[in-house]
Amino acid sequence: MNTMDLNKIFYKTFLKDVFFVPFQIKFWDGEAVKYGEGESKFTLIINSPIPVADIKSDPTMALGEAYMTNKIDIDGDLQKVIESLYNNSKSFLHSTIINKKLSNNIKKSKDNVQHHYDIGNDFYRLWLEDSMTYSCGYFQSPDDTLNGAQKNKVAHILRKLNLNEGQTLLDIGCGWGELIITAAKEYRAKTMGITLSSEQFAKIKERIKSEMLEELVEVQLLDYRELKNRKFDRVISVGMIEHVGKDYLHEYFSTVNKLLVEEGVSLLHCITGINGAGTNTWINKYIFPGGYIPTVKELISHMSDEDFHLIDAESLRRHYGRTLEHWAKNFENALPEIMKSKDETFIRMWRLYLNACAASFNSGNIDIHQFLFTKGVNNELPWTREYMYK
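Residues numbered from 1 in each chain as written. Predicted model: local features only at pLDDT ≥ 70, side-chain atom pairs only at ≥ 80, totals over all residues. Heavy atoms only, no water.

Caption draft 1: Focus on the packing of aromatic side chains. For the structure shown, the criterion picks out 30 aromatic pairs. Grouped by ring-pair contacts, the aromatic residues Phe123, Tyr124, Trp127, Tyr134, Trp176, Tyr320, Trp327, Phe331, Phe346, Trp350, Tyr353 and Phe361 constitute a single cluster. The ring centre of Phe27 lies 5.2 Å from the NZ or CZ of Lys8, which sits over that ring. Of note, Lys342 hangs over the ring of Phe123, and the distance from its end group to the ring centre comes to 5.7 Å. (Phe/Tyr/Trp six-rings, centres within 6.5 Å; stacked < 30°, edge-to-face > 60°. Lys NZ or Arg CZ within 6 Å of the ring centre and 35° of its normal.)

Put into structure tokens, the structure is as follows:
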């Protein structure tokens, strides 16, 4: 029996039990094998052999790279295929994780952020909505547009903060600046954003000038740990702490403590893990190097270490699944433009990333939370949560 035949035997055995739904495999030589009862939901196309040793060593990495290079393809809904993997507790997606120590010092953190965010504003502009908000939206209805959901999210965060005119607000990892600009325009708050992305920094500077907000909004290109001798009434971070790394979570919260005034309010909006597994190896290598997804337990423990008072915690898991579905659809619609500057491997990598993340949230493999907490006792916040929804 030759190597090709041995490879096929392994693939058939390895793949037959990883999906809950009926499917078929089509091999490079035309052979097709069907699994499960009823009509196949998708076809897994293996265009060329993938080293068996690589799959045994790290199936998520091996199959992720194989998809990127078109050694494997999917005839069907990629997101639903990955959801089927997540919904099977015995699939390899529940075992290929990383928990290794990651050194995210200031230089490393900057390198990691630039790897993802400095691809180019023109690229992100093609598939994000008008404000270029690259984080979970807030859908008051599942039929909301992406634009509407992102405006809802910013409004929801600012209401939660109970922000008042003249107060100061710091946004750690401020993206393309939508939140700090909205807070300045609608609340007349004095806002500051910090980012490690030179592309984002340039875009925010441009927006501040064009909207004549120089007196209310400032932005700096620096690590949050480098911000000295400043105090703020409100400190927020949206989708930033996932880049910090497990060993640096305590530093994040201690820094927020130093940056907040007494009775100050902070909101943390971040992806949360279910079991402390961290992130998988493919995501860590190609999408978010140095990333770590903390658990709710970890985050609350760090808040307690700083004597923060937890006021509110809200899960937005389904909202992020829907946000990613919008991004994935927009990405596909923008392919004619994307293909002018990005090669096929890059496109397949981002397609896999967006669909896999949507599947991960929809299946409950990961979650996302907003935590509202105060430095010391704050008796000025409203008595009930009703103010958050006015």
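Caption draft 2: Geometry of the pattern of salt bridges. Tallying each qualifying case throughout the model produces 21 salt bridges. With its nearest N and O atoms 2.4 Å apart, the salt bridge here joins Lys8 to Glu31. Placement of the pair is Lys8 in helix 1 (residues 3-15) and Glu31 in the loop between strand 1 (23-26) and strand 2 (32-35), with a sequence separation of 23 residues. Across the pair Glu211 and Lys185 runs a salt bridge, and its minimum N-O distance is 2.8 Å. A residue pair is termed long-range when its members are at least 10 positions apart, and Glu211 in the loop between helix 9 (198-210) and strand 7 (217-221) and Lys185 in helix 8 (residues 178-187) qualify at 26 residues. Within this structure, Lys8, Lys12, Asp29 and Glu31 form a network of salt bridges that share partners. (Salt bridge = Lys/Arg side-chain N within 4 Å of Asp/Glu carboxyl O. Helix = DSSP H or I, 4+ residues; strand = E, 2+ residues; numbered from the N terminus.)

Caption draft 3: View of unusual backbone geometry. Located in the positive-phi region is Asn229, a residue other than glycine, with phi close to 55°. Here Asn229 lies in the loop between strand 7 and strand 8 (232-238). One non-glycine residue with positive phi stands out, namely Asp307, at about 60°. If you trace the backbone, Asp307 turns up in the loop between helix 12 (296-305) and strand 10 (308-315). Take Asp307: its relative accessible area is 58%, and that puts it in the exposed class. (Buried < 20%, exposed > 50% of the residue type's maximum accessible area, 1.4 Å probe, protein only.)

Caption draft 4: Spotlight on the environment of Arg230. Take Arg230: it is sitting in the loop between strand 7 and strand 8. On the accessibility criterion, Arg230 (29% relative accessible area) is partly exposed. With 121 residues separating them along the chain, Arg230 and Arg351 place their C-alpha atoms 41 Å apart. Residues in contact with Arg230, not counting those within four places in the same chain, are Met192, Glu218, Gln220, Lys258 and Leu259. (Contact = heavy atoms within 4.5 Å.)

Caption draft 5: Representation of the packing of helix 13 (residues 317-333) against helix 15 (residues 344-362). Two elements in contact, helix 13 and helix 15, have axes whose closest approach is 8 Å; the angle formed by their N-to-C orientations is 155°. The orientation of helix 13 relative to helix 15 falls into the category roughly antiparallel. Considering the relative orientation of helix 13 and helix 15, their crossing is left-handed. In this structure, helix 13 uses Arg317, Tyr320, Gly321, Leu324, Glu325, Trp327, Ala328, Phe331 and Glu332 to contact helix 15, whose residues at the interface are Ile347, Trp350, Arg351, Leu354, Asn355, Cys357, Ala358, Phe361 and Asn362. In terms of residue class, the contact of helix 13 with helix 15 is made up of eleven nonpolar, three polar and four charged. (Axes fitted to C-alpha atoms, helices over the stretch in contact; angles between N-to-C directions. Parallel < 35°, antiparallel > 145°, perpendicular 65-115°, else oblique. Left-handed = near helix turned anticlockwise from the far one by under 90°. Nonpolar A, V, L, I, M, F, W, Y, C, P; charged D, E, K, R; others polar.)

Caption draft 6: Summary view of the sheet that holds strand 5 (residues 168-172). Ordered in space as 7-6-5-8-9-11-10, the seven strands form an open sheet in which the pairing is mixed. Looking at which strands have only one partner, the edges of the open sheet turn out to be strand 7 and strand 10. The average undirected angle you get between the axes of adjacent strands in this sheet is 15°. Sheet topology note: the strand 10/strand 11 (residues 366-375) ladder contains seven bridges and is antiparallel. From the neighbouring strand, Phe308 faces strand 11, where its bridge partner is Lys375. Contacts from helix 8 reach strand 5, strand 6 (190-195), strand 7 and strand 8 within the one sheet, and its direction differs from that of strand 6 by about 175°. In the packing of helix 10 (residues 249-259) onto the sheet, contacts are made with strand 5, strand 8, strand 9 (260-273), strand 10 and strand 11, and the angle to strand 9 comes to roughly 150°. (Pairing = 2+ DSSP bridges.)

Caption draft 7: Main features of the sheet that holds strand 2. Here we have four strands laid out as an open sheet, ordered 2-1-3-4, and mixed in their pairing. Each end of this open sheet is capped by a strand with a single partner; those strands are strand 2 and strand 4 (72-75). The sheet shows a mean angle of 20° between the axes of neighbouring strands, direction not considered. Looking at chain direction, strand 1 and strand 2 are connected through four bridges and run antiparallel. Bridged to Gln24 within strand 2 is Lys34.

Caption draft 8: Structural detail: helix 13. If you check helix 13, its first and last C-alpha atoms are 25 Å apart, about what 17 residues at 1.5 Å a residue would give, namely 24 Å. All buried positions along helix 13 are accounted for by His319, Tyr320, Gly321, Thr323, Leu324, Trp327, Ala328 and Phe331. Structurally, helix 13 contributes buried residues whose contacts are with helix 6 (121-125), helix 7 (146-160), strand 9, helix 14 (335-338), helix 15 and strand 11. (Expected span 1.5 Å × (residues − 1).)

Caption draft 9: Region of interest: the nonpolar core. Judged by nonpolar contacts, the single largest core of 69 residues is most densely connected at Trp127 and Trp350. Considering every element that reaches this core, the biggest residue donor is helix 15, with twelve residues. (Core = buried A, V, L, I, M, F, W, Y, C linked by side-chain atoms within 4.5 Å.)

Caption draft 10: Inspection of helix 9 at higher detail. The first and last C-alpha atoms of helix 9 sit 18 Å apart over 13 residues, in line with the 18 Å expected at 1.5 Å per residue. All buried positions along helix 9 are accounted for by Gln200, Lys203, Ile204, Arg207 and Ile208. Axial view of helix 9: buried residues confined to an arc of 135°, hence all on one face. Relative to its buried face, helix 9 has exposed residues pointing more than 90 degrees away, namely Lys209 and Ser210. Of the residues one or two after helix 9, Met212 is the one with positive phi, at around 55°. (Arc of directions from axis to C-beta.)

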